[in-house]
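# Structural features, examined
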Amino acid sequence: MTAMPSEAKDATSSAGPLPRLLIIDDDADIVALLSRYFGANGYRVVGASSAARARALVASETIELILLDLGLPDEDGLSLLRHLQTEWRGPVIVITGRGEAVERVVGLELGADDYVTKPFDLRELLARTRSVLRRSTAQAPAMAASAGLAFEGFRLDLGARRLTDAAGVEVALTTGEFELLKALLEKPRQVLSRDELMTRMHGRQAGPFDRSIDVSIGRLRRKIEHDPAEPRLIRSVRGAGYLFAAEVRNA
């Protein structure tokens, strides 16, 4: 990984506080490199070399996004990710070694919003960070904050970006799961390809071996289907993608 010239700063950076990133990696050189690079591109950066330090920072600081390396000295990175999705619930990009395919899949199943592999390209990492942050902060265009989509007793509030069930209890969604469900609800009873869903979730097309969408669909089914093993709402269309089969109405 070599340092690269800084990109143009985000246009939104001058309009308000700079987004703050937390980099969790026990390699001080990587933390320093990413801190310089993201700092030159309009972000504030704080680093943590251990899970314990990361937990303390998340509890005491305002963090917009976390870059999480899974190889930590004091705690398994997947365990920390599980904690973050329960206690913090902000966007997380997982960083893994190139050979850790299982860890990448498990990370996505635990709710990571994207992943990159080492050695990574700094420009690509910056682009993915920007994409995840845009999705996590974007409001539904031309809709009031209370606008939502309803289906089978559930209601997806597009302004607050939250899902509630028939009893009004919130169903926790990651940023990616929200975008995935929103994409399906906006085109009910239409087949959406994996590439189209990947673009909505991660801002990029799916590679030939990318299981991100399938993993995210599985997670979403466990949250909204009566029987995830026999899905009735989100149906697979062999060789084509996925289809949301229920009626959707504005609410």
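The coordinates are above.
Summary of the structure given here. Every chain's residues receive numbers from 1 upward, in the order its sequence appears when written. Per-residue local features are limited, in this predicted model, to residues with pLDDT of at least 70; the limit for side-chain atom pairs, both in listing and counting, is 80 or more; totals at the level of whole chains, interfaces and linings are taken over all residues. With hydrogens and water stripped out, all remaining heavy atoms of the structure feed into the side-chain values.

### Section: the overall build of the protein
Defined as follows: Starting at the N terminus, helices and strands are each numbered in turn, a helix being any DSSP run of H or I of at least four residues and a strand any DSSP run of E of at least two. Under the scheme applied here, a residue whose accessible area is under 20% of the maximum for its type counts as buried, over 50% as exposed, and between as partly exposed, the area being computed with a 1.4 Å probe on protein chains only. By definition, residues are in contact when any of their heavy atoms lie within 4.5 Å. In these tables, accessible area is a Shrake-Rupley quantity obtained with a 1.4 Å probe, and a residue counts as shielded only by the protein chains included in the view.
If you tally the helices and strands in the protein, you get eight helices and 13 strands. Residues counted as buried form 50% of the 251 residues belonging to the protein. Look at the contacts in the protein between residues 6 or more apart in sequence, and 59% of them connect residues 24 or more apart. Just so you have it, the protein exposes about 11,900 Å², and 50% of that area is on carbon and sulfur atoms.

### Considering the sheet that holds strand β11 (residues 234–237)
Applicable threshold: Strands qualify as paired when DSSP identifies two bridges or more between them. Only the stretch in contact is used when fitting a helix axis, every axis being a line fitted to C-alpha atoms; angles between N-to-C directions are given from 0 to 180 degrees.
Overall, antiparallel pairing links the three strands, which are arranged β10-β12-β11 in an open sheet. Two strands lie at the open edges of the sheet, namely β10 (191–192) and β11, each paired on one side alone. Where β10 and strand β12 (residues 241–244) come together, two bridges link them in antiparallel fashion. Residue pairing for β12: L192 is matched across the bridge by Y242. Of the strands in this sheet, β11 and β12 are in contact with helix α8 (residues 212–224), which crosses β11 at around 150 degrees.

### Describing the packing of helix α6 (residues 175–186) against α8
Filter applied, for reference: Angles below 35 degrees are treated as roughly parallel, those above 145 as roughly antiparallel, those between 65 and 115 as roughly perpendicular, and all remaining angles as oblique. Only Asp, Glu, Lys and Arg are considered charged in this grouping, and only Ala, Val, Leu, Ile, Met, Phe, Trp, Tyr, Cys and Pro are considered nonpolar; every other residue, Gly among them, is considered polar.
Contact pair α6 / α8: the axes reach a minimum separation of 10 Å and the direction vectors enclose 80 degrees. The pairing of α6 with α8 is recorded here as roughly perpendicular in orientation. Judged by residue contacts, E177, L180, L181 and L184 of α6 engage S216, I217, R219, L220, K223 and I224 from α8. Per-class residue counts for the contact of α6 with α8 are six nonpolar, one polar and three charged.

### Some words on α8
Rules: Expected helix span is given by 1.5 Å per residue-to-residue step, counting one fewer step than there are residues.
The terminal C-alpha atoms of α8 lie 19 Å apart, and with 13 residues this matches the ideal 18 Å at 1.5 Å per residue to within 8%. Within α8, ten of the 13 residues are buried, which leaves it mostly tucked inside the rest of the structure. Among the residues making up α8, those that are buried are S212, I213, V215, S216, I217, G218, R219, L220, R221 and I224.

### Remarks on the environment of K187
Mapped onto the elements of the fold, K187 is located in the loop between α6 and β10. For K187, a relative accessible area of 33% corresponds to the partly exposed category.

### Digging into the nonpolar core
A general feature of soluble globular proteins is that nonpolar side chains tend to end up buried together. The cut-off we apply is this: Think of a nonpolar core as a cluster: buried Ala, Val, Leu, Ile, Met, Phe, Trp, Tyr and Cys residues, connected wherever their side-chain atoms sit within 4.5 Å.
Core analysis: the biggest nonpolar cluster contains 28 residues, and F151, L163, L181, L184, I224, I234 and F244 have the highest contact counts within it. Counting only elements with at least two residues in this core, the list comes to β6 (148–151), β7 (154–157), α6, α7 (194–202), α8 and β12. Counting residues per element, this core draws most heavily on α6, which supplies six residues. In this structure I234 touches L184, I217, L220, R221, I224, E225, Y242, L243 and F244, once residues within four positions along its chain are discounted. Formed by 26 residues, the second largest nonpolar core is a distinct cluster that contains A51, I63, L70 and Y115.

### Structural notes on unusual backbone geometry
Trans peptide bonds make up the majority, and among non-glycine residues the majority have a negative phi. For the peptide bond that leads from K118 to P119, omega is -5 degrees, which places it in the cis range. Structurally, the position occupied by P119 is in the loop between β5 (114–118) and α5 (122–137). Unusually for a residue other than glycine, R161 sits at a positive phi of about 60 degrees. The backbone of R189 shows a phi angle near 60 degrees, a positive value even though the residue is not glycine. Counting through the fold element by element, R189 comes out in the loop between α6 and β10. What makes R189 exposed here is its relative accessible area of 55%.

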